[in-house]
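Chain by chain, the residues:
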Amino acid sequence: MSSILFLGTGGARFVVARQIRASGGMWMRYGETQLHVDPGPGALVRALAHVPPCVPGKLDAILLSHKHLDHSNDVNIMIEAMTHGGFHHRGALFAPRDALEGEGVVFPYAQRFPERVEALEPKAGPYRINDVEVYTSLAHVHACQTYGLHFKYAGHTVSYLPCGRYFDGLIEDYGAHRPDVLILNVLRFRDALDVDHLTLDDAKALIEGIHPKVAVLSHFGTKMLEQSPARLAREIEDAYGIRTIAAYDYYRLEVENEAAAVGA
Ligand SMILES: [Zn+2]
Ligand SMILES: [Zn+2]
């Protein structure tokens, strides 16, 4: 069985700085394999505070979609926790190259702790973690190297579409993986500022075009929260006939159950 636990659903600087929503990323389980994706500020605390706790010492891998702080702030402490303070050479780290080198966010000393460190390349994979296969998307249009992640396990695909500007190529690239579950970072309600983030209308176009069985909205900015993500999700579901969920902190999605509820 597979599940995705949201340790945070906030995005954008104000929401994260004020912790209006938490920013701990996602804790994924595929059978016995445990992955932590985008450990933003508070990830370690949110993981341990959950009941039952998510135990970093049992993680098989940590993955970063990109190096921005709301996705990576806790990566060093999570690596320490995964490797039992660096004493046990175990687990894996996957991140875009610019998160690892130059002005990267993963300290060089911490990069020596995992058993395996791999720089993600666009449209690459499979990166294998036990019996989970991970593929990257094409490069997103964002201020740093940013890749979506497709997780394939036991006949199901979970796709994570992180931050970035909308362009038509996203639909073809993500659609080719035929995701059962598509998680989208929908930071902005409308495009008041011209920034490299999805707006709600962008998310609608992506959900309609990629056509997953289940769409999950997350990583909300202030305006999205003001509009009630749950209400917006219902509107999308009604408009396109695709099950759409607005994630909230500690929301847990059971992949097989959700996919089965929608049907083939
Ligand atoms: Zn972000
Ligand atoms: Zn970003």
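This text gives an overview of the structure that appears in the document. This structure is a prediction, so every number in the text was calculated from the model and none was measured.

The subject of this paragraph is the overall build of the protein. Within the protein one finds 11 helices and 14 strands. For 264 residues, the compact-globule estimate of 2.2 N^0.38 gives 18 Å, and the protein sits close to it at 17 Å. For the protein, with 264 residues in total, the buried portion stands at 56%. Partitioning the intrachain contacts of the protein with sequence separation of at least 6 by distance along the chain shows that 63% fall at a separation of at least 24. Accessible area for the protein stands at about 11100 Å²; split by element, carbon and sulfur atoms hold 52% of it. Across the protein, the 25 positively charged side chains and the 32 negatively charged ones have centroids separated by 3 Å.

Moving on, we get to the coordination of the zinc ion (ligand 2). Taken together, the protein ligands of the zinc ion (ligand 2) are His 66 (NE2), His 68 (ND1) and His 142 (NE2), with distances of 2.1 to 2.2 Å. Of note, the zinc ion (ligand 2) draws all its donor residues from one chain, in the sequence arrangement H-x1-H-x73-H. Overall, the relative accessible area of 13% leaves His 142 in the buried class.

Take the coordination of the zinc ion (ligand 1) next. Donor atoms from the polypeptide that coordinate the zinc ion (ligand 1) comprise Asp 70 (OD), His 71 (NE2), Cys 163 (SG) and His 219 (NE2), at 2.1 to 2.7 Å from the metal. Here the zinc ion (ligand 1) is ringed by 4 donor atoms whose angles at the metal span 82 to 168°, and the overall shape comes out irregular. One chain supplies every donor for the zinc ion (ligand 1), spaced along it as D-H-x91-C-x55-H. A separation of 3.8 Å is found between the zinc ion (ligand 1) and the zinc ion (ligand 2). Here the two residues Asp 70 and His 71 agree in accessibility, since each one is buried.

An α-helix turns once per 3.6 residues; consequently, residues spaced three or four apart project the same way. The set of residues buried in helix α11 (residues 255-262) consists of Val 255, Glu 256, Glu 258 and Ala 259. One side of α11 holds all its buried residues, which, seen down the axis, span an arc of 165°. α11 presents Ala 260 and Ala 261 as exposed residues on the side facing more than 90 degrees away from its buried surface. Along its buried surface, α11 packs onto β1 (2-8), β10 (156-161), β11 (181-185), β12 (214-218), β13 (243-246) and β14 (252-254).

Right, let's get into the nonpolar core. One finds Ile 4, Met 28, Leu 35, Leu 63, Phe 151, Val 158 and Ile 183 to be the most contacted residues of the largest nonpolar core, which totals 32 residues. With 4 residues, strand β9 (residues 147-153) is the single largest residue contributor to this core. With sequence-adjacent residues up to four places away left out, Ile 183 is seen in contact with Ile 4, Phe 6, Met 26, Met 28, Val 158, Ser 159, Tyr 160, Leu 161 and Val 216. Judged by nonpolar contacts, the second largest core, of 25 residues, contains Val 186, Leu 200, Ile 210 and Ala 233.

What follows concerns unusual backbone geometry. Trans peptide bonds make up most of the peptide bonds, and negative phi angles are found at most residues other than glycine. Cis geometry marks the peptide bond from Val 51 to Pro 52, where omega comes out at -5°. As for its placement among the helices and strands, Pro 52 is situated in the loop between α2 (43-49) and β4 (61-63). Note that the residue after Gly 125, namely Pro 126, is joined by a cis bond; omega there is 5°. Residue placement: Pro 126 occurs in the loop between β6 (116-120) and β7 (127-129). Its identity as a non-glycine residue notwithstanding, Ala 12 has a phi of 70°, on the positive side. Mapped onto the secondary structure, Ala 12 falls in the loop between β1 and α1 (13-17). Here Ala 12 falls in the partly exposed class, since its relative accessible area comes to 23%.

Bringing the pattern of salt bridges into the picture now. Applying the stated criterion to the full structure yields 12 salt bridges. Measuring nitrogen to oxygen at the nearest pair gives 3.2 Å for the salt bridge that ties Arg 97 to Glu 101. Asp 173 is paired through a salt bridge with Lys 123; the nearest N and O atoms lie 2.7 Å apart. In this pair, Asp 173 is assigned in helix α7 (residues 169-175) and Lys 123 in the loop between β6 and β7, connecting sequence segments 50 residues apart. Relative accessible area serves as the criterion here: at 60%, Lys 123 is assigned to the exposed category. A single network of salt bridges, built from pairs that share partners, joins Arg 97, Glu 101 and Glu 121.

The rules behind each value
Residues numbered from 1 in each chain as written. Chains lettered and ligands numbered in written order. Predicted model: local features only at pLDDT ≥ 70, side-chain atom pairs only at ≥ 80, totals over all residues. Heavy atoms only, no water. Helix = DSSP H or I, 4+ residues; strand = E, 2+ residues; numbered from the N terminus. Rg over C-alpha atoms; globule rule 2.2 N^0.38 Å. Buried < 20%, exposed > 50% of the residue type's maximum accessible area, 1.4 Å probe, protein only. Contact = heavy atoms within 4.5 Å. Areas by Shrake-Rupley, 256 points an atom, 1.4 Å probe, with all protein chains shown as cover. Lys, Arg positive; Asp, Glu negative; His and termini not counted. Charge placed at Lys NZ, Arg CZ, Asp CG, Glu CD. Donors = N, O, S within 2.8 Å, 3.2 Å for Na, K, Ca; no water. Tetrahedral: all angles 85-135°; square planar, octahedral: opposite > 155°, others 65-115°. Arc of directions from axis to C-beta. Core = buried A, V, L, I, M, F, W, Y, C linked by side-chain atoms within 4.5 Å. Salt bridge = Lys/Arg side-chain N within 4 Å of Asp/Glu carboxyl O.

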